[in-house]
Amino acid sequence: MFPETTPDTTLSGVRMSDDVAAAEARRIIADAYRTAPDTPTSYRDDSPLPAYGDTPPVLQPDRRIVPAWAAGTAVAGIGVGAAFVGVGCGLWLACQGFAAVSLTSVLFVTLPIAAVAGVFAAIGTALRSLKGVHTETHHHYRAPVSQHHTSSKTYGLSARTTNQHTS
């Protein structure tokens, strides 16, 4: 509420006469039904945009797709990691009863297993990527079409890319 409509609490312990109470009631009711001052809360510019010059931004959707080989490698890595956690826990539990077995010896036993699994994951990834090297795409158009081909080659330690455009 507005500060001028807040009831005065200084008379809380004093009994009012009927005339004073009626006048106070009329004042409170009049303040309650008084319209609030017009304060703008928003603004919309409806002026037309210029025909040339600065244009408003246009939404350009971003659709990044992870290649299948990358997703497969990530899933294989997670699977191998989870499997070796289980294998390591199993070996640790099996070896816990032996006093002569230390944590270092358990780690040295599991390291060759992890290396073999890593080699198998790398071989599987390489074979899967070789299958996807040749992809053939067919496009069917119902109007005159102009095709421009761009070929990219990325090489080097710092991933230098060269693009060649042909029409």
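First things first, this report covers the structure right here in the doc. These numbers were taken from a predicted model, which means no experiment stands behind them.

Each value, and the rule that gives it
Residues numbered from 1 in each chain as written. Predicted model: local features only at pLDDT ≥ 70, side-chain atom pairs only at ≥ 80, totals over all residues. Heavy atoms only, no water. Helix = DSSP H or I, 4+ residues; strand = E, 2+ residues; numbered from the N terminus. Contact = heavy atoms within 4.5 Å. Axes fitted to C-alpha atoms, helices over the stretch in contact; angles between N-to-C directions. Parallel < 35°, antiparallel > 145°, perpendicular 65-115°, else oblique. Left-handed = near helix turned anticlockwise from the far one by under 90°. Nonpolar A, V, L, I, M, F, W, Y, C, P; charged D, E, K, R; others polar. Salt bridge = Lys/Arg side-chain N within 4 Å of Asp/Glu carboxyl O. Buried < 20%, exposed > 50% of the residue type's maximum accessible area, 1.4 Å probe, protein only.

## Digging into the environment of Phe84
In this structure, Phe84 sits in helix H2 (residues 68-95). In the structure, Phe84 is positioned 30 residues away from Ala114 in sequence and 7.0 Å away in space, judged by C-alpha atoms. Those residues in contact with Phe84, other than ones at most four positions away along the chain, are Ile113, Ala114 and Ala117.

## Here we look at the packing of H2 against helix H3 (residues 103-131)
Where H2 meets H3, the axes come as close as 10 Å, and the angle between the chain directions of the two elements is 160 degrees. Compared by their axis directions, H2 and H3 come out roughly antiparallel. Remark: the crossing between H2 and H3 carries right-handed chirality. Contacts from Gly72, Thr73, Val80, Phe84, Gly88, Leu91 and Cys95 of H2 reach H3 at Val106, Val109, Thr110, Ile113, Ala114, Ala117, Thr125 and Arg128. Of the residues that constitute the contact of H2 with H3, the class distribution is nine nonpolar, five polar and one charged.

## What about the pattern of salt bridges?
If you walk through the whole model with that rule in mind, you get three salt bridges. Residues Glu24 and Arg27 are paired through a salt bridge, measuring 2.6 Å at the closest nitrogen-oxygen approach. With Glu24 and Arg27 both in helix H1 (residues 18-32) and three residues apart, the pair spans about one turn of that helix. Take Glu24: its relative accessible area is 25%, and that puts it in the partly exposed class. Across the pair Asp46 and Arg44 runs a salt bridge, and its minimum N-O distance is 3.0 Å. Assigned by exposure class, Asp46 and Arg44 land together as exposed.

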